[in-house]
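Here's the letter readout for the chains.
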Amino acid sequence: MSDLPRRAFTRTAKLASLPLGFAGRTTIGLGRRIGGHPADEVSEDVHRRTAEHLFEVLGDLKGGAMKLGQALSVFEAALPEELAEPYRATLTRLQEAAPAIPAGTVHEVLRESLGPDWRRLFRSFPDEPAAAASIGQVHRAVWHDGREVAVKVQYPGARKALLSDFHQLARISRMFTVIMPGLEVRPLLAELKDRIIEEVDYGLEADAQTGFAQAYAGDPDIAVPAVLAGHDRVLVTEWLTGRSLSAVIADGDRRERDHAGLLYTRFLFSGPERAGLLHADPHPGNFRLLPDGRLAVLDFGAVNRLPDGFPPAFGRLVSIGLRGDAATVVRGLVDEGFLPADSRVDPEAVLEFLMPCAEPARSERFAFTRDWLRGEARRVTRRQPDGVLRELNLPPSYLLIHRVVLAAAGVLCQLEAEVPVRGEIARWVPGFLDGAADLPRG
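Residues numbered from 1 in each chain as written. Predicted model: local features only at pLDDT ≥ 70, side-chain atom pairs only at ≥ 80, totals over all residues. Heavy atoms only, no water.

In the nomenclature of an unreviewed UniProt entry, the protein chain is known as ABC transporter ATP-binding protein of Marinitenerispora sediminis. In the Sequence similarities (unreviewed entry) part of its UniProt record, the protein chain is described as follows: "Belongs to the protein kinase superfamily. ADCK protein kinase family." (UniProt positions renumbered as here; feature names shortened; annotations may be inferred.)

Here you go:
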């Protein structure tokens, strides 16, 4: 296998093949329809082949292409059932696997980061990786003191390849609506691109992981591996063995799904309060259920620094909205920068548009299902009340919070877990209890 930064022409050609391939499949499909084949059958075949081609390319190229694929994969549960099945294998495959880079390249990176005697730091170091991700791969080694460790090695040229991929993907972003109608890929790409500098610096990731590890030390529910060494392109942490969240999604029983969903929700909502950090890459490949029942978190390349926790207005507006106080919600949205000060939008229309997304916090327990998420996807892609979408704006301080909450809902729907979401929000999100007293307890 070749390194991540393949020749620019090769990577560009592969990405350019996506819209060309779709155009060709659409043309062939039109011919089949003219020839008498049912429209639904032709459309399903075009979607299936497009998905297979899309995620094959995204996974093979790693870098920004694979990172986008992983970001999209958490929304697989939102796809209509007649399209979800052919997509599911290709989408979820991106959460766990990618082609390996040559051993010689790995050794070169280790030598540059850890020094010419890097092998003395390990009792053993296997050349075959145990896992791979968008900008690096992980080797399961034995540290000099006998501990099993995960050694994450960054692909050479990762930053340059990421920037190139995001530029090319932005040019073809409209074709992603074939996979998920109504999905706005350009803002997602822009947000991913903004975080490149942090994600390619494993030293920054080491600092973030250390912050989480200290905050959750001795926790009965969450396990964060300790960092043993952190450099720009190499990160060494404790190895934790467990069952991946992707495996639980695939074949977990009801008890395991609900348990995983609870701890997953608890970790994401408690991070800002306990560590001053929000984990911002919540796809299932980053989580494991350990034999002792704890949830292990394995990747901290993308985080949102919230030293004061969640903005208090976040929880307060959710709880007030669930009570149905539209006027107060709109005033709060203006104060937080979601709506302009001179907004004339109908408060009831705003509440009608926003509040169904907060439905999981309305009752004591909420059953996340694919049907619920599909319904939400259909609702937000339909024409909304006049002026709401035109005036609503997502302030920068809420950008990652918004993406994490949406992605987490997607993963919970993949798990089809029943989770006491309201209790976790009340416990960890300031302001929620201020307006939650009148909510139903059932």
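Draft legend 1. Structural view of the nonpolar core. Counting residues in hydrophobic clusters, the biggest one holds 69 residues, and the most contacted among them are Tyr264 and Phe267. Here this core gathers at least three residues from each of two domains, domain 1 (98-239) and domain 2 (242-441). Dropping the residues within four chain positions of it, Tyr264 is found in contact with Leu245, Pro282, Phe287, Leu295, Ala407, Ala408, Val411 and Leu412. Residues Ala132, Val151, Val153 and Tyr155 belong to the second largest nonpolar core, which totals 18 residues. (Core = buried A, V, L, I, M, F, W, Y, C linked by side-chain atoms within 4.5 Å. Buried < 20%, exposed > 50% of the residue type's maximum accessible area, 1.4 Å probe, protein only. Domains from an automatic or database assignment. Contact = heavy atoms within 4.5 Å.)

Draft legend 2. Structural context of the pairing of strand β6 (residues 227-230). Pairing between β6 and strand β7 (residues 234-238): three bridges, direction antiparallel. Residue pairing for β7: Gly230 is matched across the bridge by Leu235. In this structure, the hairpin formed by β6 and β7 is closed by a connection of three residues. (Pairing = 2+ DSSP bridges. Helix = DSSP H or I, 4+ residues; strand = E, 2+ residues; numbered from the N terminus.)

Draft legend 3. Structural detail: the side chain of Ser270. Looking at the element boundaries, Ser270 is found in helix α11 (residues 254-275). For Ser270, a relative accessible area of 1% translates into the label buried. Polar contacts involving the side chain of Ser270 include one to the side chain of Tyr216, which spans 2.6 Å. Those residues within four positions of Ser270 in sequence are excluded, and the remaining contacts are Tyr216, Ala275 and Trp428. (Polar contact = N/O pair within 3.5 Å; in protein donor to acceptor, adjacent residues only side chain to side chain.)

Draft legend 4. View of the environment of Arg403. By secondary structure assignment, the location of Arg403 is in helix α17 (residues 396-415). Remark: the alpha-carbon pair of Arg403 and Pro282, spanning 121 residues in sequence, is separated by 9.6 Å. Polar side-chain contacts of Arg403 include one of 3.2 Å to the backbone oxygen of Ala280.

Draft legend 5. Summary view of the sheet that holds strand β8 (residues 243-244). Pairing in this open sheet of four strands is mixed, and the strands run β5-β11-β10-β8 from one edge to the other. Because the sheet does not close on itself, it has two edges, and the strands there are β5 (222-223) and β8. The sheet contact formed by β8 and strand β10 (residues 287-289) spans two bridges and is antiparallel. Considered in β10, the bridge of Ser244 is made with Arg288. Sheet contacts for α11: β5, β8, β10 and β11 (295-297); angle to β10, the most-contacted strand, approximately 135°. (Axes fitted to C-alpha atoms, helices over the stretch in contact; angles between N-to-C directions.)

Draft legend 6. The arrangement of the packing of helix α9 (residues 202-215) against α11 in detail. Following both chains from N to C, one finds α9 and α11 inclined at 90°, their axes separated by 10 Å at the closest point. Judged by the angle between their axes, α9 and α11 are roughly perpendicular. Counting all contacts with α9, which are made through Gly211, Phe212 and Ala215, the residues of α11 involved are Phe267, Gly271, Arg274 and Ala275. Of the residues in the contact of α9 with α11, the class split is four nonpolar, two polar and one charged. (Parallel < 35°, antiparallel > 145°, perpendicular 65-115°, else oblique. Nonpolar A, V, L, I, M, F, W, Y, C, P; charged D, E, K, R; others polar.)

Draft legend 7. Structural view of the packing of aromatic side chains. This structure, assessed with the given rule, holds 16 aromatic pairs. With centroids separated by 5.5 Å and ring planes inclined at 40°, the aromatic side chains of Phe212 and Phe267 adopt a geometry described as tilted. One end of the pair, Phe212, is in helix α9; the other, Phe267, is in helix α11, and 55 residues separate them in sequence. The same class applies to Phe212 and to Phe267, which are both buried. Within the aromatic cluster, the residues linked to one another by ring pairs are Phe212, Tyr216, Tyr264, Phe267, Phe287 and Phe300. (Phe/Tyr/Trp six-rings, centres within 6.5 Å; stacked < 30°, edge-to-face > 60°.)

Draft legend 8. Geometry of α9. Counted at 1.5 Å a residue, the expected span for α9 with its 14 residues is 20 Å, and the 20 Å between its end C-alpha atoms agrees. Of all the positions in α9, only Tyr202, Gly203, Glu205, Ala206, Ala208, Gln209, Phe212 and Ala213 are classed as buried. Where α9 starts, the residue carrying a side-chain oxygen 2.8 Å from the main-chain nitrogen of Gly203 turns out to be Asp201. (Expected span 1.5 Å × (residues − 1).)

Draft legend 9. Just the pairing of strand β3 (residues 136-143), in detail. Within β3, six of the eight residues are buried, which leaves the element mostly enclosed by the surrounding structure. Sheet analysis places strand β1 (residues 122-124) next to β3, joined by two bridges and oriented antiparallel. For Phe122, the partnering residue across the bridge sits in β3 and is Trp143. Where strand β2 (residues 131-132) meets β3, two bridges bridge the pair, whose relative direction is antiparallel. Residue pairing across strands places Ala132 opposite Gln137, the latter belonging to β3. Where β3 folds back onto strand β4 (residues 148-154) in an antiparallel hairpin, the turn is made up of four residues, including Gly146, whose phi is positive at roughly 95°.

Draft legend 10. A look at the packing of α11 against helix α18 (residues 421-428). The geometry of α11 relative to α18 is characterised by a closest axis approach of 9 Å and an angle of 15° between their N-to-C directions. Here α18 runs roughly parallel to α11, going by the angle between their axes. Of the two elements, α11 crosses α18, and the hand of that crossing is right-handed. Here Leu262, Thr265, Arg266, Phe269, Ser270, Glu273 and Arg274 of α11 lie close against α18, whose contacting residues are Glu424, Ile425, Arg427 and Trp428. Split into classes, the residues belonging to the contact of α11 with α18 amount to four nonpolar, two polar and five charged. (Left-handed = near helix turned anticlockwise from the far one by under 90°.)

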